[in-house]
Amino acid sequence: MKGMRMQRQPDMAAPVEALGQIASEGFAQGLIWTSAVSDKSNYVAKGSQDAEEKALHAAITQASEHTVEMISDASGDAADILEFQLAMLEDDTFEVSSHEKMATGALANTAWTTTLDDEIAGYLASDDEYFRARSTDLIDVKDRVLDALLGVKAEAIPDGAILLADDLAPSAFLSHDWLGGGIILKYGSATGHVAMLARQRGVPAVVGVKNFDVLRGTPVLLNAATGQIVANPDQATRQAFETAKEVFETQQDLAKAFAVKPGQTRDGTPIAIMVNIADPAETETIPIEHVDGVGLMRSEFLFGNSYGLPSENLQLAAYAKVLKWAGDKPVTIRTIDAGGDKPIAGLTVEEDNPFLGLRGIRLSLANPDIFAVQIRALLRAAVLGNLKVMLPMVAVPDELDSAIELFEREAEKLAEQGIAHAMPEIGIMVEVPSVAITPERFARAAFFSIGSNDLTQYVLAVSRDNGSLSYLARADNPAVLQLIGNVACYGREHGQAVSLCGDAASDPALVGALLGAGVETLSVAAARIGMIKAAIAEIDLA
Ligand code: PEP
Ligand code: MG
């Protein structure tokens, strides 16, 4: 009887609802888990500055060893994140800065905390989403060293629980299997690392949920397909949740069944479905039979994960991995597209208006020595498979000419050195309106790939990283569609292949408009391959 009363209690509490941003689609239901706040002030002074310094050094070493252990169990993006954290732990900047504070009397825990907090504040204050998202890594590094310093053991999240937290460290995400569970974060970002990892592992996650304060143990329904969260749900809400979940699962099953089929409209028009990737490790989870090749490999992500720029051999190894996986199917590797919303330390510059500044091919041409390293890696990779090279943010034909010239120059050098290489097809992204309006001026491009994300932002004068203006940033705006149609028509009439690799290709609601504009090749997010093929099968172009 007592047990029954205990169970009924939560149902009798008033429902609490909230809406967040979708970070990883899916459904989860269970009990809320909030971590107990560990008392980081419970620190025992070591008695001298020297002893404090030694204690901090030992804690950093322990945290580094722990990170190395985690790296050995991780792969792909997870390994990249941990390697980034390890590089921060191994760089002695934070330790030296902590020593300076200890010299004025601070204890190791306070010195470390204030040093890292200053750095974290800088990242959080950045206008750039990328740096704000990276602050999570710094918080993670800070806490791992503090835990080592205090001898704290992290409390394990129970199986099937739904975590409610301010933010979540990537290493904390990776140390739990999340089976049946989910994640609700008050802060965090849909483009942050945890969101990316959650999508890869299929863990339902919602972020930016500010006003949702419920206690540990509260029953909750998490609909991460709409971003809706309900604590203490009533019977009708549970029923609606189950129905929405069934619809979602049916769509997922349908998508799975479609993933293995070739892309084809209802009237039988074949539509090539390529995949977009960033990290070569992503290919490990994509069956090559499901796609017609890689329509876009965003090579800039090879540049962002570590300190320094990747060497020719490191780049070659990354490209080779993808080409080997693809066999004779085409692999389109885009030359580094840094700048704008993708800053890279040591390469990009700070500008007032970065989306209209030194980004994409402009940046590569302005740094010929760095570009030459990538060009050489691409020329060498071209002998290993069906490689196509794509130039981002081309605005005028001169940029294409200059890039081709650099490819030819590096090819000559490789020939002189007796290094195996081949000249790949060189095409361009269509994301600056000047190209979409006058594609005939770019006849030298072997192919066109429409970047609907940037094309939309430039046609509608709406910054792509401003969530509050997303209602304007629509690729199905008639002006954008007219430009897409212009390129598709020009390509068809002049034998220049045209594809579309922006996010619009991965949106089932937009695919009809894109095919209607004449696009016959789409390059989509890996998680959307089946869903887009299913949407295409409903379209009649006849
Ligand atoms: C685009 O702009 O649509 C595109 C595919 O490039 P990115 O999103 O990487 O800028
Ligand atoms: Mg772009």
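Residues numbered from 1 in each chain as written. Chains lettered and ligands numbered in written order. Predicted model: local features only at pLDDT ≥ 70, side-chain atom pairs only at ≥ 80, totals over all residues. Heavy atoms only, no water.

Novice: Whenever I open this one, the packing of helix H2 (residues 49-72) against helix H4 (residues 93-103) confuses me. Can you help?
Specialist: In helix packing, the relevant descriptors are the interaxial angle and the interaxial distance, both defined with respect to the helix axes. Where H2 meets H4, the axes come as close as 10 Å, and the angle between the chain directions of the two elements is 155°. When the axes of H2 and H4 are compared, the pair comes out roughly antiparallel. Here H2 and H4 pass one another in a crossing that is right-handed. When H2 is examined against H4, the residues Gln 49, Glu 52, Glu 53, Leu 56, His 57 and Ile 60 are found in contact with a partner set consisting of Glu 95, Ser 98, His 99, Met 102 and Ala 103. For the contact of H2 with H4, the class distribution of residues is four nonpolar, four polar and three charged. (Axes fitted to C-alpha atoms, helices over the stretch in contact; angles between N-to-C directions. Helix = DSSP H or I, 4+ residues; strand = E, 2+ residues; numbered from the N terminus. Parallel < 35°, antiparallel > 145°, perpendicular 65-115°, else oblique. Left-handed = near helix turned anticlockwise from the far one by under 90°. Contact = heavy atoms within 4.5 Å. Nonpolar A, V, L, I, M, F, W, Y, C, P; charged D, E, K, R; others polar.)

Novice: How should I be thinking about the environment of Met 531 in this particular structure?
Specialist: Counting through the fold element by element, Met 531 comes out in helix H19 (residues 529-537). Since its relative accessible area comes to 21%, Met 531 is described here as partly exposed. Considering only alpha carbons, one finds Met 531 and Gln 251, 280 residues apart in sequence, at a separation of 7.7 Å. Excluding residues within four positions of it along the chain, Met 531 makes contact with Gln 252, Ala 255 and Pro 508. (Buried < 20%, exposed > 50% of the residue type's maximum accessible area, 1.4 Å probe, protein only.)

Novice: I tried to follow the site of ligand 1 on my own but got confused; where do I start?
Specialist: The immediate surroundings of ligand 1 are formed by 15 residues, with Arg 298, Arg 334, Gly 451, Asn 453 and Arg 464 found nearest. Arg 298 places a polar side-chain atom, nitrogen or oxygen, 2.7 Å from an oxygen atom of ligand 1. Between Ser 452 and ligand 1, the recorded distance is 3.1 Å, taken from a backbone N or O atom to an oxygen atom. Considering ligand 1 on its own, with 280 Å² of exposed area, one finds that the protein chains cover 99% of that surface. For ligand 1, the cavity whose grid points lie within 2 Å of the majority of its atoms is the largest cavity. Every element with two or more residues in the shell around ligand 1 is listed here: strand S10 (294-298) and helix H16 (452-460). The element that contributes the greatest number of residues to the shell around ligand 1 is H16, accounting for three residues. Grouping the constituent residues of the shell around ligand 1 by class yields three nonpolar, four polar and eight charged. (Near = heavy atom within 4 Å. Polar contact = N/O pair within 3.5 Å; in protein donor to acceptor, adjacent residues only side chain to side chain. Areas by Shrake-Rupley, 256 points an atom, 1.4 Å probe, with all protein chains shown as cover. 1 Å grid on protein atoms, 1.4 Å probe; cavity = no way out; pocket = protein on both sides within 12 Å on 5 of 7 lines; lining within 4 Å. Sits in = over half its atoms within 2 Å of the grid points.)

Novice: Looking at this structure, how should I read the pattern of salt bridges?
Specialist: Any two side chains of opposite charge can pair, so long as their charged atoms come close to each other. Under the defined criterion, the tally for this structure stands at 18 salt bridges. The salt bridge involving Asp 50 is made with Lys 54; its shortest N-O contact spans 2.9 Å. Of this pair, Asp 50 and Lys 54 both sit in helix H2, four residues apart, which is roughly one turn of that helix. Classification of Asp 50 as partly exposed rests on a relative accessible area of 44%. What makes Lys 54 exposed here is its relative accessible area of 54%. Residue Glu 405 is joined to Arg 409 by a salt bridge in which the shortest nitrogen-to-oxygen separation is 4.0 Å. (Salt bridge = Lys/Arg side-chain N within 4 Å of Asp/Glu carboxyl O.)

Novice: What am I meant to see in the coordination of the magnesium ion (ligand 2) here?
Specialist: Angles at a metal have ideal values that depend on geometry: 109.5 degrees with four tetrahedral donors, 90 or 180 degrees with six octahedral donors. Surrounding the magnesium ion (ligand 2) are the protein donor atoms Glu 431 (OE) and Asp 454 (OD), at 2.0 to 2.1 Å. Of the two residues, Glu 431 sits in the loop between strand S13 (425-430) and helix H15 (433-437) while Asp 454 sits in helix H16, which places them 23 residues apart along the sequence. Comparing Glu 431 with Asp 454, the two get one shared label, buried. (Donors = N, O, S within 2.8 Å, 3.2 Å for Na, K, Ca; no water.)

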